[in-house]
Amino acid sequence: MVTIRLTNSKSRKKEDFAPIDPANVRMYVCGPTVYDRAHLGNARPVVVFDTLFRLLRHVYGAEHVTYVRNFTDVDDKINAEALRRQKAGSPGTLEELIHGRTEETIAWYHADMDALGALRPTFEPRATEFIAQMIAMTEGLIASGHAYAVDGHVLFRVRSYKDYGKLSGRSVDDMIAGARVEVAPFKEDPMDFVLWKPSSGQEPGWASPWGKGRPGWHIECSAMAHELLGESFDIHGGGLDLQFPHHENEIAQSACAHPHGDFAHYWLHNEMLQVEGKKMSKSLGNFFTVRDLLDQGIPGEVIRFVLLMTHYRSPMDWTAEKARQARDTLLGFIELTRGVEPVDPDPLVLEALADDLNTPAAIARLHALRKANQGAALLASARLMGLLSFQPTVSSLAWGQHDEKHDQLANEIARKWAALRGNRDFAAADELKNLAAEAGVELQATKQAVGQGALAKLKENFDPVKLEALR
RNA sequence: GGCGGGUUGGCGGAGAGGUUACGCAGCGGAUUGCAAAUCCGUGAAGACCGGUUCGAUUCCGGUACCCGCCUCCA
């Protein structure tokens, strides 16, 4: 069996991966807060951990891997959006508007991540479905002296957990020294964080021993991970920005609530994403969602490929040039693998992925397979990485709008063009070629018999009406 | 201020203490009605300064610059 090696943030070292139970490998990844469309930065961990999920399924068997990714559907931003809608005149109670907003966002999220070729996790729990477990866990933490209730708030006593700060390499004293922590008057210690907080007025809330309120963000993940994966599980993933405080707090809560378990054995963090060399932000005007890119005609597969071109632990930059390169590369792969039946993935691709998910090295190997004309191995290897799962019937550049009818039409024109060239009627051939170009179809001569000596490529912006007219 | 990460050829981007990364672009050639595509070949790197070593881009120290987190943004 292949040995997977992963860089564990806990030890800051690359370690051999040894699951607690090879018959049930368990992974938890922090999912989105569902208040709006997922932006490109959200897509990176999704694609990274999807690739890991696929690798684990390949190595341990698809039915022996459990992957949990939550939806945080309790949040101020969701409430704010619902309130905004109510003020704008939307019908329904605030609660209904909140529910509507989260349902809508989850549907968007699924559609967008599906487009990136990400498999659905085994479980996608919603925070609101596990409130009882969060309350129970919070009660337990109070009983064991790790938390305290004040004025409807429950706070975790950070000083009660000696290893606090270990994951992110911070000491509590250092943090307080340079801190800009706002100290609420009811806190015993500035570092203490909220497990439960009161809900005021219309805000969504649940009955609890401390009055109507809602859970703190960190306890959500701890409770859901415990409920679905147990006291100890294998991998916990997320973006590097979550390492502190979110993951640190998760560890503290879970370790104190379940002293016999040891929570996650391997912590994985993906680096952040930039756009054209700068942090993606609304103020810089370089903020965009996955849906924006899909709507521009960039296939989800191309977005996925770009994300995999950089190792997950390096910061990565999204550029239009990379998208162009990724598209051209994938087209080359598609041409070689069309009509081919996949065999086993290439051992060197597997080896690269097993080496701390070295996707750039895996892609380099994909290039080598293409060069060696190993279409079957290329297809299988690409699919292991979540690529080439769908194949256009012609070398269509228009992944998004591609359809059978226009592919057929493009092929027909290619044959016509090949026939004219065969008759050495170059004036007519050139004219057809120019007309085709205007319709958004690029005609190319080929040596192979594909399209009988010619290949038609549908561009992203092809014009169906003009194409039809070429018949 | 505290903590962490990074700096590789024109661009993107890996691994390895000594042997070709790879891709894109460039250049040369083959092929071609013209193109495109394809194929073959090819130049090009390791922020800076020291140290360890027979030998460092790879290890250690320092400097500069960049980035992230410390604020419920992945």
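Just above sits the structure.
Attention here is on the structure that accompanies the text. Throughout this document, residue positions are counted from 1 along each chain, in the order its sequence is written. Each chain is given a letter, starting from A, and each ligand a number, starting from 1, according to the order in which they appear as written. Reporting of local features is limited, given that this is a predicted model, to residues whose pLDDT is at least 70; pairs of side-chain atoms are given and counted only at 80 or more, and all residues count toward the totals for whole chains, interfaces and linings. Just so you know, side-chain values use all the structure's heavy atoms and leave hydrogens and water out.

1. Focus on the overall build of chain A
The helix and strand labels rest on DSSP assignments: H or I over at least four residues marks a helix, E over at least two residues marks a strand, and numbering proceeds from the N terminus. Looking only at helices and strands, chain A features 16 helices and 15 strands. Summarising its shape, the C-alpha atoms of chain A cover approximately 90 × 60 × 40 Å along the three principal directions. In chain A, the share of contacts with a sequence separation of at least 24, taken over all contacts with a separation of at least 6, comes to 73%. Summed over all atoms, the accessible surface of chain A reaches about 20,900 Å², with 50% contributed by carbon and sulfur. Only four residue types enter the tally: Lys and Arg on the positive side, Asp and Glu on the negative side; His and the chain ends are excluded. Taken as the charge location is NZ of Lys, CZ of Arg, CG of Asp or CD of Glu. If the 53 positive side-chain charges of chain A are averaged to one point and the 63 negative ones to another, these points end up 5 Å apart. Every residue pair with non-hydrogen atoms within 4.5 Å of one another is taken to be in contact. The accessible surface values rely on the Shrake-Rupley method and a 1.4 Å probe; as for residues, cover is taken only from the protein chains in view.

2. Let's talk about the protein's contact with RNA strand B
One heavy atom suffices: a residue is near a molecule or strand as soon as one of its heavy atoms comes within 4 Å of it. Surrounding RNA strand B, one finds 47 residues, the nearest of these being K77, K197, G239, L242 and D430. Taking all atoms of RNA strand B within 4 Å of the protein, the share assigned to sugar and phosphate is 54%. Separating a base nitrogen of RNA strand B from a side-chain N or O atom of H39 is a distance of 3.2 Å. Within 3.5 Å is the distance limit for a polar contact, defined as a pair of N or O atoms, with the added protein rule that one can donate a hydrogen and the other accept it, and that residues adjacent in sequence qualify only through two side-chain atoms. At 3.4 Å from a base oxygen of RNA strand B is found a side-chain nitrogen or oxygen belonging to R421. Sorting the residues of the surface near RNA strand B by element identifies helix 1 (40–60), strand 9 (232–239), strand 11 (273–275), helix 10 (320–337), helix 12 (359–371), helix 15 (426–439) and strand 14 (441–445) as the ones contributing at least two each. Per element, the largest residue contribution to the surface near RNA strand B is six residues, and it comes from helix 12.

3. Focus: the pairing of strand 3 (residues 25–29)
Among the five residues that make up strand 3, five are buried, leaving the element largely enclosed by the rest of the structure. Each residue is placed in one exposure class: buried if its accessible area under a 1.4 Å probe, protein chains only, is under 20% of its type's maximum, exposed if it is over 50%, and partly exposed if it falls in between. A two-sided burial pattern is seen for strand 3, the buried positions comprising V25, M27 and V29 on one face and R26 and Y28 on the other. When strand 3 meets strand 4 (residues 65–69), the two strands line up parallel, connected through five bridges. By the bridge assignment for strand 4, Y28 is matched with V68. By convention, orient the strands away from the viewer: a clockwise path from the first strand over the helix to the second makes the crossover right-handed. A crossover links strand 3 with its parallel partner strand 4, the connecting element being helix 1, and its sense is right-handed. Paired strands are those between which DSSP finds at least two bridges.

4. Overview of the nonpolar core
We call a set of buried Ala, Val, Leu, Ile, Met, Phe, Trp, Tyr and Cys residues a nonpolar core when their side-chain atoms join them within 4.5 Å. If you look at the biggest cluster of nonpolar residues, it comprises 76 residues, and the most contacted ones within it are L52, L56 and W318. When residues in this core are grouped by element, the largest group, twelve residues, is from helix 1. There are two domains that each give this core at least three residues, and those are domain 1 (18–270) and domain 2 (274–384). Every residue in contact with W318, bar those within four places of it in the chain, is listed here: L40, Q274, V275, E276, F288, L293, I298, I303, V306 and A323. With 39 residues, the next largest nonpolar core counts M137, L195, W210 and C256 among its residues. In this entry, domain limits derive from an automatic or database-based domain assignment.

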